[in-house]
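The primary structure of each chain is shown beneath.
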Amino acid sequence: MNPLDKLTELFKEFPGIGPRQARRFAYFLLARNGGFSEELIESIKKLRKEIRLCSSCFRYFSLSNTTEERCSICRNPNRETASLMIVSHDNDVDHMEKIGLFNGLYFVLGGSLPILEKEPEKKIRLKELLHTIPEKIKQGLSEVILALDLNPEGEHTEIFLKKTLSPLSETHKFKVSTLGRGLSTGTEIEYSDAETLKNALKNRS
Ligand SMILES: [Zn+2]
């Protein structure tokens, strides 16, 4: 495969990028000066070296030294360990943090469940979640908040997690709540404004 085709194939792997856009990206790199490509290569290399997946909440975080296993949120002693918010994507955590309405801990599923998914553990971090919950129980967990997108996949994920967590929540007496329907249908957490999220969080049930 020639380098132009190879790069096009790689760009096609990106979410939402079709073959024509992928090709345009490849041509764009050819047209830009070499410095741009070098910077891109360096950034991609650094991404692997300097960003790590948090062993507790599974969000990506920037390392300040190489021995860190957990992100700044999970390491922060001032965060409330009684509430755990489950979200689909890293972007959802970033957005929640920017708004600053929530002071508990997070868990990032890394995706959501398509309606007819037969193997949920391939789409979301189910094993990791079920491993995390008992640890959180030891730290005084009293509520799990499902903060998932209001689209069919998000709703399906919500139903699935409620069912999965139900035996644990009964045994260990923690609540599983979902965001209030102040969010209108089709709304994604990442794009919700502060006021909407504030109401959704307040009206959770
Ligand atoms: Zn973390």
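Data block above holds the structure.
Let us look at unusual backbone geometry. Even without a glycine there, the phi angle at Phe-58 is positive, about 65 degrees. Its place among the elements puts Phe-58 in the loop between strand E1 (51–53) and strand E2 (60–62). The class for Phe-58 is buried, based on a relative accessible area of 13%. Despite not being glycine, Lys-173 has its phi angle at roughly 55 degrees, a positive value. By the secondary structure assignment, Lys-173 is in the loop between helix H7 (152–172) and strand E6 (175–178). Take Lys-173: its relative accessible area is 68%, and that puts it in the exposed class.

Here we come to the packing of helix H1 (residues 3–12) against helix H2 (residues 19–31). The geometry of H1 relative to H2 is characterised by a closest axis approach of 8 Å and an angle of 125 degrees between their N-to-C directions. With respect to their mutual orientation, H1 and H2 come out oblique. For the element pair H1 and H2, the recorded crossing hand is right-handed. Residues Leu-4, Asp-5, Leu-7, Thr-8, Phe-11 and Lys-12 of H1 form the contact with H2, whose participating residues are Pro-19, Ala-22, Arg-23, Phe-25, Ala-26, Tyr-27, Leu-29 and Leu-30.

The rules we used
Residues numbered from 1 in each chain as written. Predicted model: local features only at pLDDT ≥ 70, side-chain atom pairs only at ≥ 80, totals over all residues. Heavy atoms only, no water. Helix = DSSP H or I, 4+ residues; strand = E, 2+ residues; numbered from the N terminus. Buried < 20%, exposed > 50% of the residue type's maximum accessible area, 1.4 Å probe, protein only. Axes fitted to C-alpha atoms, helices over the stretch in contact; angles between N-to-C directions. Parallel < 35°, antiparallel > 145°, perpendicular 65-115°, else oblique. Left-handed = near helix turned anticlockwise from the far one by under 90°. Contact = heavy atoms within 4.5 Å.

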